[in-house]
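A closer look at the structure
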Amino acid sequence: MSVEEPTMNVPPQHDEEEVHLFIERMAMAFADVGFPRMAARVLFTVMSADDPLTAGEIAGRLGVSAAAVSGAVRYLTQFAMLVREPVKGSRSDRYRMPDNPWYEATITKTTIYKNFIDIAAGGVDALHGRSTPAGERVAEMRDFFLFVQEELESLGDRWRARRAATGHGG
């Protein structure tokens, strides 16, 4: 009879080269649609880490300066893509992904659509409503943003239901 050693819950080790390729590929894909590349690199570095990271740790993983990371985390925290938490007993902060970053960054930021709608409505008024071709174009833009804002609210409800059904988010 042999005595087996107890198994410990050791998480699998990441393939660092493959993780690096994932980060760089996603950053390029996001940059191709207008997202700042360094912010994308920082975002996917934090996303691919099991624990929150300091700016210095992010810079080390990416091989970039702390200043480049500083600007990127400032950008990402503005859009709720990263959460900044203080490190106890230190002047440093750690960065982590929020619980539902894609929802936070897209659906909860509908105030930008309200701003577009309000400005477009002023443009429609300035162009005498739909009575001119220019007024019609601006009115259609306003109506589109109204539609998007309404649909995002419905989309958010459906996303929360799907997320709960698939066991994400606790």
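Residues numbered from 1 in each chain as written. Predicted model: local features only at pLDDT ≥ 70, side-chain atom pairs only at ≥ 80, totals over all residues. Heavy atoms only, no water.

1. Here's the deal with the overall build of the protein chain
Looking only at helices and strands, the protein chain has seven helices and three strands in total. Scanning the protein chain from its N terminus toward the C terminus, one meets helices and strands in the order α-α-β-α-α-β-β-α-α-α. For the protein chain, buried positions account for 31% of its 170 residues. Of the contacts formed within the protein chain by residues at least 6 apart in sequence, a portion of 48% connects residues at least 24 apart. Accessible surface for the protein chain amounts to roughly 11700 Å². Of this, 56% is attributable to carbon and sulfur atoms. (Helix = DSSP H or I, 4+ residues; strand = E, 2+ residues; numbered from the N terminus. Buried < 20%, exposed > 50% of the residue type's maximum accessible area, 1.4 Å probe, protein only. Contact = heavy atoms within 4.5 Å. Areas by Shrake-Rupley, 256 points an atom, 1.4 Å probe, with all protein chains shown as cover.)

2. A closer look at the pattern of salt bridges
Applying the stated criterion across every chain, the model contains nine salt bridges. For E24, the salt bridge identified is with R41, shortest N-O distance 2.9 Å. Highlighted residues: E24 in helix α1 (residues 16-32) and R41 in helix α2 (residues 37-47), separated in sequence by 17 residues. Residue classification places E24 among the buried residues on the basis of a relative accessible area of 13%. We classify R41 as buried; its relative accessible area is 14%. The residue D118 makes a salt bridge to K114 at a minimum N-O spacing of 2.9 Å. In this pair, D118 and K114 are both assigned in helix α6 (residues 111-126), four residues apart and thus about one turn of the helix distant. Owing to a relative accessible area of 44%, K114 belongs among the partly exposed residues under this scheme. (Salt bridge = Lys/Arg side-chain N within 4 Å of Asp/Glu carboxyl O.)

3. Points about the sheet that holds strand β2 (residues 83-86)
Here three strands make up an open sheet; going across it, the order is β1-β3-β2 and the pairing antiparallel. Strands with a single pairing partner mark the edges of an open sheet, and in this sheet they are β1 (53-54) and β2. Across four bridges, the pairing between β2 and strand β3 (residues 93-96) is antiparallel. Opposite R84, over in β3, you have Y95 as the bridge partner. (Pairing = 2+ DSSP bridges.)

4. A few points about the nonpolar core
With 24 residues, the main nonpolar core has V42, L43, V46, I58, V73, L76 and L82 as its most contacted residues. Of all the secondary-structure elements, those providing two or more residues to this core are α1, α2, α3 (55-62) and α4 (66-78). Sorting elements by how many residues they give to this core places α2 first, with six residues. Of all hydrophobic cores here, the second largest spans five residues; its members include Y113, I117, V148 and L152. (Core = buried A, V, L, I, M, F, W, Y, C linked by side-chain atoms within 4.5 Å.)

5. Some remarks on a negative patch on the surface
There is a patch of like negative charges on the surface, built from D15, E16, E17 and E18. Take D15: its relative accessible area is 46%, and that puts it in the partly exposed class. (Patch = residues over 30% accessible without salt bridge, like charges linked within 9 Å, V, L, I, M, F, W, Y side chains within 5 Å. Lys, Arg positive; Asp, Glu negative; His and termini not counted. Charge placed at Lys NZ, Arg CZ, Asp CG, Glu CD.)

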